[in-house]
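Descriptive analysis of the structure
Next come the chains, spelled out residue by residue.
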Amino acid sequence: MQKRTCGRTGLDFTVIGFGGMRLHGKDEKYWADLVREAAEAGFNYFETSHRYCSSTSETKIGEGLNGIPRDSIYISTKSSADDFLTADTVRTTIDESLRKLQVDYLDFYQLWSLPLKDYHEIAAKKGGTLEGIRKAMDEGLIRHLGFTSHDKPENQIALLRTGEFEAVTLQYNLLNRVNEPVIEEAGRLGIGVIVMGPLYGGILGTESKVLSDLFGDAATDAAAEVAFRFVLSNPNVTCAISGMTKSLDVEQNRKIAETAKPLTPAEMKVVEKELAKFKTAAESLCTGCRYCMPCPQGVGIFAVFALANAARVYGLVDGSRAEYAKFAREWPYDSFKDATFCTQCGACVAKCPQKIDIPSELEKAHKLLV
Ligand code: SF4
Ligand code: SF4
């Protein structure tokens, strides 16, 4: 399986990693068997969180990796913003993650969905989260520190420049390239880049007349492969996380990870030219800049609009609706709420450079996505 070095850590990750955010709806043995199957197939980066899947993801991954040589895999877990309280709180969370994952050290620990303003707060606070994490690193419980972020690109770049982190996990895919400057800066600084949502939450592998015209008859498979190849065409990307939920996913991803090559310049030109036809329509609703965030009610404004765009512009209707349905519960990557949580307070409107009437567009997006 192809591997890439994760920035200055020197660790070689398989180009596709196992994401533990979708381990719902079957018993623990099913998921442990799938995780083991993925490890035995050669995937070596396993990413989870102590909150994923109602706090069961770590246990399922730990059980699946039990017996797999520890030095052949890299495990990453994370704390959510709610845990950014004290050094003691985060230490309790770390100890619990180690216990559930059945390991005595974590290769990576990530601060989950970290906005720049929270970083400044937790970095400065005596007895705070970062102090607890640094102590755990000194004790050998954590080897490398990273963060995940949905913040504005310039704020993510500022986080990279703090010198605190060795990896960033961010969104990047064929239809959402807003984080390209962040990826470039990470490469310049020797920071590993883990891509979440390479298939746009799986949407790029679902039925779409628009994409089948673009990618040919084998539309869903071809779109998925082109989507992975697009992400891996960026030389600063270390690895793309895939939420595998069945043996077929493991097998398809194995084939892609073994053989997929970056798009050639000629292929990239074709994809860019074709997608450029949709760019104006897609950006007329929202450019994804995130200046409107955060919403005090937790509405994932840009994420709701991105799904509306995927449905309206790219014809990915079923996949977008399926993904949107998760917002009301726990979004796999985060905890964005759907448009029904908007109280029409108007706080976001003045911050939008596109002058979008966000509350009313959210209503329209919601109607399209349910
Ligand atoms: S108008 Fe709605 S989406 Fe905008 S900040 Fe207020 S609650 Fe959030
Ligand atoms: S709604 Fe406006 S501010 Fe928010 S992400 Fe879209 S374009 Fe940017």
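Structure: above.
Below, the structure is looked at part by part. (Residues numbered from 1 in each chain as written. Chains lettered and ligands numbered in written order. Predicted model: local features only at pLDDT ≥ 70, side-chain atom pairs only at ≥ 80, totals over all residues. Heavy atoms only, no water.)

Some thoughts on the site of ligand 2
Inclusion rule: Only a single heavy atom is needed: when it lies within 4 Å of a molecule or strand, its residue is near that molecule or strand. Polar here means any residue other than Ala, Val, Leu, Ile, Met, Phe, Trp, Tyr, Cys and Pro, which are nonpolar, and Asp, Glu, Lys and Arg, which are charged; Gly is therefore polar.
Cys-286, Cys-289, Arg-290, Cys-292 and Cys-352 are the nearest of the 13 residues found near ligand 2. In terms of residue class, the shell around ligand 2 is made up of nine nonpolar, three polar and one charged.

Comments concerning unusual backbone geometry
Comment: phi is negative for the bulk of residues other than glycine, and the bulk of peptide bonds are trans. Note the cut-off: By definition, any uninterrupted DSSP run of H or I lasting at least four residues is a helix, any uninterrupted run of E lasting at least two residues is a strand, and each is numbered from the N terminus. Throughout this description, buried means an accessible area under 20% of the type-specific maximum (1.4 Å probe, protein chains only), exposed means over 50%, and partly exposed covers the range between.
For the peptide bond that leads from Met-293 to Pro-294, omega is -5°, which places it in the cis range. For Pro-294, the position within the fold is in the loop between helix H12 (265-285) and helix H13 (301-312). The residue Ser-54 is not glycine, and still its phi comes out positive at about 50°. Within the secondary structure, Ser-54 is located in helix H2 (residues 52-55). Residue classification places Ser-54 among the exposed residues on the basis of a relative accessible area of 60%. Although it is not a glycine, Arg-290 adopts a positive phi angle of roughly 75°. Assignment of secondary structure puts Arg-290 in the loop between H12 and H13.

Considering helix H14 (residues 317-324)
To keep it simple, the criterion reads: Note that the arc is defined by the directions from the helix axis to the C-beta atoms. In this description, contact between two residues means that some pair of their heavy atoms is separated by no more than 4.5 Å.
Among all positions of H14, only Gly-319, Ser-320, Glu-323 and Tyr-324 are buried. In a view along the axis of H14, the buried residues occupy a sector of 130°, so they form one face of it. Tucked into the core, H14 has its buried residues touching H13 and helix H15 (358-369).

Describing the site of ligand 1
Taken together, Cys-295, Pro-296, Gln-297, Ile-301, Cys-342, Thr-343, Gln-344, Cys-345, Gly-346, Cys-348, Pro-359 and Leu-362 make up the full set of residues near ligand 1. When its residues are assigned to classes, the shell around ligand 1 shows eight nonpolar, four polar and no charged.

What about the sheet that holds strand S10 (residues 239-242)?
Test applied: DSSP calls a pair of strands paired once it identifies at least 2 bridges connecting them. Angular values range over 0 to 180 degrees, each being the angle between N-to-C directions of two axes fitted as lines to C-alpha atoms, with helices fitted over their stretch in contact.
Ordered in space as S3-S4-S5-S6-S7-S8-S9-S10, the eight strands form a closed barrel in which the pairing is parallel. Between one strand and the next, the sheet's axes are offset by a mean angle of 30°, whatever the strand orientation. As defined by bridge partners, strand S6 (residues 106-111) adjoins strand S7 (residues 142-148) across five bridges and the pair is classed as parallel. Bridge pairing in S7 links Leu-106 to Ile-142.

Here's the deal with helix H4 (residues 87-101)
Put simply, the test is: Multiplying 1.5 Å by the residue count of a helix minus one yields the expected span of that helix.
Here H4 contains 15 residues, and its C-alpha end-to-end distance of 21 Å stays within 8% of the 21 Å for a straight helix at 1.5 Å per residue. All buried positions along H4 are accounted for by Ala-87, Val-90, Thr-93, Ile-94, Ser-97, Leu-98, Lys-100 and Leu-101. Axial view of H4: buried residues confined to an arc of 165°, hence all on one face. Counted as exposed and oriented over 90 degrees from the buried face of H4: Asp-88, Thr-92 and Arg-99.

Details of the pairing of S10
Side chains Cys-239 and Ile-241 of S10 all project onto a buried face; the interleaved residues Ala-240 and Ser-242 project onto the opposite face, where all are buried too. Summarising the sheet, strand S3 (residues 16-19) and S10 pair through three bridges and their orientation is parallel. Looking across to S10, one finds that Ile-16 is bridged to Ala-240. Relative to S10, strand S9 (residues 192-196) is paired through two bridges, and the arrangement is parallel. Note on S10: the bridge partner recorded for Ile-194 is Cys-239.

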